[in-house]
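# Commentary on secondary and tertiary structure
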Amino acid sequence: MTTTGLGSLPGDDIREWTKVLLGAVDIPFLAELPARPYGDMLSRAVAVLTELAVDLQPAGWRLTGGSDPRASMDQRRARSVLAEDLDVLEELADGYTGPLKLQLTGPWTLAATVELPRGDKVLADHGARRDLAEALTLGLGDHVAEVRRRVPGAEVVVQVDEPGLPAVLAGAVPTASGWSKHRSVDGPGAVELLSLVTGAAPTVVHCCAARPPIEVFTKAGATGVAVDISLLTNPAWDQIAVAVEAGTTLYAGVVPTTGPLPNQEQAAAPLIRRWRELGLDPELLKKVVITPACGLAASPSVADARARLNLLRKITDVVAEAADNT
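All values reported here derive from a predicted model rather than from experimental measurement.

Moving residue by residue along a regular strand, the side chains alternate between the two faces of the sheet. Strand 8 (residues 249–255) sits mainly inside the fold: 6 of its 7 residues count as buried. Inspection of the sheet shows strand 7 (residues 224–228) paired to strand 8 by 5 bridges, in the parallel sense. Considered in strand 8, the bridge of Val225 is made with Leu250. Read as a crossover between parallel neighbours, the route from strand 7 over helix 9 (residues 234–245) to strand 8 is right-handed. Pairing between strand 8 and strand 9 (residues 289–292): 4 bridges, direction parallel. Within strand 9, the position partnered with Tyr251 by the bridge is Val289.

So, in C-alpha cells, the structure goes:
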C-alpha cells in the first residue's frame, strides 16, 4: 500500500516541505503553500495558462481577453513562484526515481471561479470555458514535460482538483449578480471538458464532497479518484465500488485535516468497515492509496501537518492487516 498528500500544506517554506515530502510519503508531490502570495491552487493553474492572459482583481482572477504575451504582472508573479518551486524540486529530487505527483485546478472549478473580461464567470460562456480548458490542457502538458526534464526519474502523476464540479452539475454556481444561478452542466458535457486534461499523465481527480461525481471522473479517463471518506453518502460508495472493481485506484482520505489526531486504528476503521459492507475484494483494498481527508493548509501548524502525514504509513499497516484477515 502507498501514501500521499493532496497538495496544500501550511507555512511558506517550500524547500523544507520538499525535503519532508521526499521521505514522508510514498508518492511525493509538489506542495502548494497558500500562505505565500500566489501559492494557492488557483494561482498555480493561472501560472500554467500559457495561452491566455489573466489578471488579479479584488474579486479574484479574471481573463483579460488577451493572449499570453500580454499576461498581467500578477500572472507573471504566479509563474515566477512556480518556477522557483520547480528549481527547488529539481535540486532536492536529484537522482530521485519513482512516482511524483503534481496538482492542478480542474477546468470546471476554474471556469466556475475565473471571471470573463465583462465580469461574469467563464462558466457562463460555452466557448470561453472550452478555450480555458484547452489552454489549461496545453499548459499542463508543458508543465508535465518540464517536471520530467528536471526530474528524469519521475513517474509523473497529475491530480486534478475539482471541488467545484458538484455545484456546476447541480446548477448551484451563483451568477455575478447573485440573484440567480448558472445553468447546470450535464454529465456528458462535464466529461467532455474534463477529458481534455487527463491525457498528459496518469490522472487522479480529487473532489471532497458528499457525492463526488465518480462516474464523470472515470468516463473522463481518470485512473484514480481522491475523496474524503468521512463525507461520502451511500450512493457515492456504490459508485466507488463500481470504479474500484473496474480498475480505478481509490485515494482514500482517512486522516482529518484539523481537530484531534486519531490513532491508526481509528483512522482506518471507516474505510475497512465500508469495504467489508460492500463485499469488495480484500486484495483491491491493498491497492488503495491512503491520504489525508483533503489538503492540509488549514492545519494549525507545520508540526501538526507533519504529524498527520506521518500517520499515513501506520494506517497502511492496519488496512493491509485487515485485508489479509478478511
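Let us keep going from here.
Take the side chain of Thr175 next. As for its placement among the helices and strands, Thr175 is situated in the loop between helix 6 (165–170) and helix 7 (187–194). Under the relative-accessibility criterion, Thr175 is labelled buried at 15%. Discounting residues that sit within four places of it in the chain, Thr175 has contacts with Asp120, Ser180, Lys181 and His182.

Let us now look at the packing of aromatic side chains. Inspection of the entire model under this criterion finds 0 aromatic pairs. Between the NZ or CZ atom of Lys101 and the centre of the ring of Phe29, over which it lies, the distance is 4.8 Å.

Now for the sheet that holds strand 8. Spatially, 1-9-8-7-6-5-4 is the arrangement adopted by the 7 strands of the open sheet, whose pairing is parallel. Unpaired on one side and paired on the other, strand 1 (2–3) and strand 4 (98–105) mark the two borders of the sheet. Across 8 bridges, the pairing between strand 4 and strand 5 (residues 154–161) is parallel. Within strand 5, the position partnered with Leu104 by the bridge is Val160. Those strands touched by helix 12 (residues 302–324) are strand 1, strand 8 and strand 9, and its axis lies near 145° from that of strand 9.

Rules behind the numbers
Residues numbered from 1 in each chain as written. Predicted model: local features only at pLDDT ≥ 70, side-chain atom pairs only at ≥ 80, totals over all residues. Heavy atoms only, no water. Buried < 20%, exposed > 50% of the residue type's maximum accessible area, 1.4 Å probe, protein only. Helix = DSSP H or I, 4+ residues; strand = E, 2+ residues; numbered from the N terminus. Pairing = 2+ DSSP bridges. Right-handed = clockwise from strand over helix to strand, strands pointing away. Contact = heavy atoms within 4.5 Å. Phe/Tyr/Trp six-rings, centres within 6.5 Å; stacked < 30°, edge-to-face > 60°. Lys NZ or Arg CZ within 6 Å of the ring centre and 35° of its normal. Axes fitted to C-alpha atoms, helices over the stretch in contact; angles between N-to-C directions.

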